[in-house]
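Below, each chain spelled out in residue letters.
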Amino acid sequence: MGIDPKDIVMVSVMPCTAKKFEIGRDNENAAGVPDVDISITTRELARLIERVGLNFNALPDEQFDTPLGISTGAGVIFGATGGVMEAALRTAVWKLTGEEADSPIDFTEVRGVQGIKEATYQVAGMEVRVAVVSGLKNAAELLNKVKSGEANYHFIEIMGCPGGCVNGGGQPQVPASVRNFTDIRALRAKALYDADASMPLRKSHDNPAVRELYDTYLGAPGSHKAHEILHTTYVKRKIHEI
Ligand code: SF4
């Protein structure tokens, strides 16, 4: 669009308090300026809306701006444990089976709030083994199994919060009087899967903006540039270190 990256202010609304730390990380930038300038949580956004007295129900609907306004169901379900895996499977299976237009969409085995989920899929003559975990205790358990050679997978999804981002530390808090009797994680995940099912585009590779991004900037999925910009690395940190 010919805009100098320095003139763009990127605000992310996140379910996660850790994003406030991540925006300051050295490697979190693609164009020499931070990818994200401000990160606020969904809870903070809700408070801001309440504070200014904004009545969302009375606002007219309008389209999101492009290019970031175009989204797919695959993006929506990222918020639930298993959602990243399912989104990846939708594209991986499509790719492995020769890019058939009607490749499968629903991989229900990786859905649900269980802490550890495993599934095996037969794809194009190949056995694809996957695992999904949420919650750090479960992550440690699974990683120990992998380290000891007891288990091995092609792809593992790990989310820090039990249930995934729907249960993130920045999400609106629910009183114990409700939480004790209702599984909020499952309800929020259901809202995401319902939204996914109602969307015209449900696979990441069907998003025209994503395709254009790869065609005109990143090259191809897994290219050197894509790897540099979209991947990150982790280091051991002390508790409370910033
Ligand atoms: S699972 Fe939790 S810690 Fe991980 S990105 Fe989502 S909200 Fe943040």
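Rules and cut-offs
- Residues numbered from 1 in each chain as written.
- Predicted model: local features only at pLDDT ≥ 70, side-chain atom pairs only at ≥ 80, totals over all residues.
- Heavy atoms only, no water.
- Helix = DSSP H or I, 4+ residues; strand = E, 2+ residues; numbered from the N terminus.
- Rg over C-alpha atoms; globule rule 2.2 N^0.38 Å.
- Buried < 20%, exposed > 50% of the residue type's maximum accessible area, 1.4 Å probe, protein only.
- Contact = heavy atoms within 4.5 Å.
- Near = heavy atom within 4 Å.
- Domains from an automatic or database assignment.
- Buried area = accessible area lost by both parts, 1.4 Å probe.
- Polar contact = N/O pair within 3.5 Å; in protein donor to acceptor, adjacent residues only side chain to side chain.

Q: Would you take a moment to explain the overall build of the protein for this structure?
A: Counting its secondary structure elements, the protein contains nine helices and five strands. A compact globule built from 242 residues would reach a C-alpha radius of gyration of about 18 Å, and the protein, at 19 Å, matches this within 12%. Principal axes of the C-alpha set define a box for the protein whose edges measure 55 × 50 × 40 Å. When burial is assessed residue by residue, the protein has 28% of its 242 residues classed as buried. The contacts in the protein between residues at least 6 apart in sequence include a share of 61% that link residues at least 24 apart.

Q: What's the story with the environment of Ser-103 in this structure? I'm lost.
A: Structurally, the position occupied by Ser-103 is in the loop between helix H4 (83–96) and strand S3 (116–123). Residues Ser-103 and Ala-92, spaced eleven residues apart in sequence, show a C-alpha to C-alpha distance of 9.8 Å. Contacts of Ser-103, omitting those with residues within four sequence positions, involve Arg-90, Trp-94, Thr-97 and Lys-203.

Q: How do you make sense of the site of the ligand when you look at a structure like this?
A: Around the ligand, a shell composed of Pro-15, Cys-16, Lys-19, Met-159, Gly-160, Cys-161, Gly-164, Cys-165 and Gly-168 is seen. When residues of the shell around the ligand are sorted by domain, at least three fall in each of domain 1 (1–68) and domain 2 (71–206).

Q: Please clarify how the domain arrangement of the protein should be interpreted in this entry.
A: A common way to state how big an interface is: give the accessible area lost once the parts meet. When the domains of the protein are assigned, the result is domain 1 (1–68) and domain 2 (71–206). Domain 1 and domain 2 are separated by 24 Å when their C-alpha centres are compared. Contact with domain 1, which involves six residues of that partner, is made by seven residues of domain 2. Summed over both partners, the interface of domain 1 with domain 2 buries about 570 Å², with 48% contributed by carbon and sulfur atoms. In terms of surface lost to domain 2, no three residues of domain 1 exceed Pro-15, Thr-42 and Arg-43, which account for 79% of the buried area on that side. For the interface between domain 1 and domain 2, the tally reads seven residue pairs in polar contact (both at pLDDT 80 or more).

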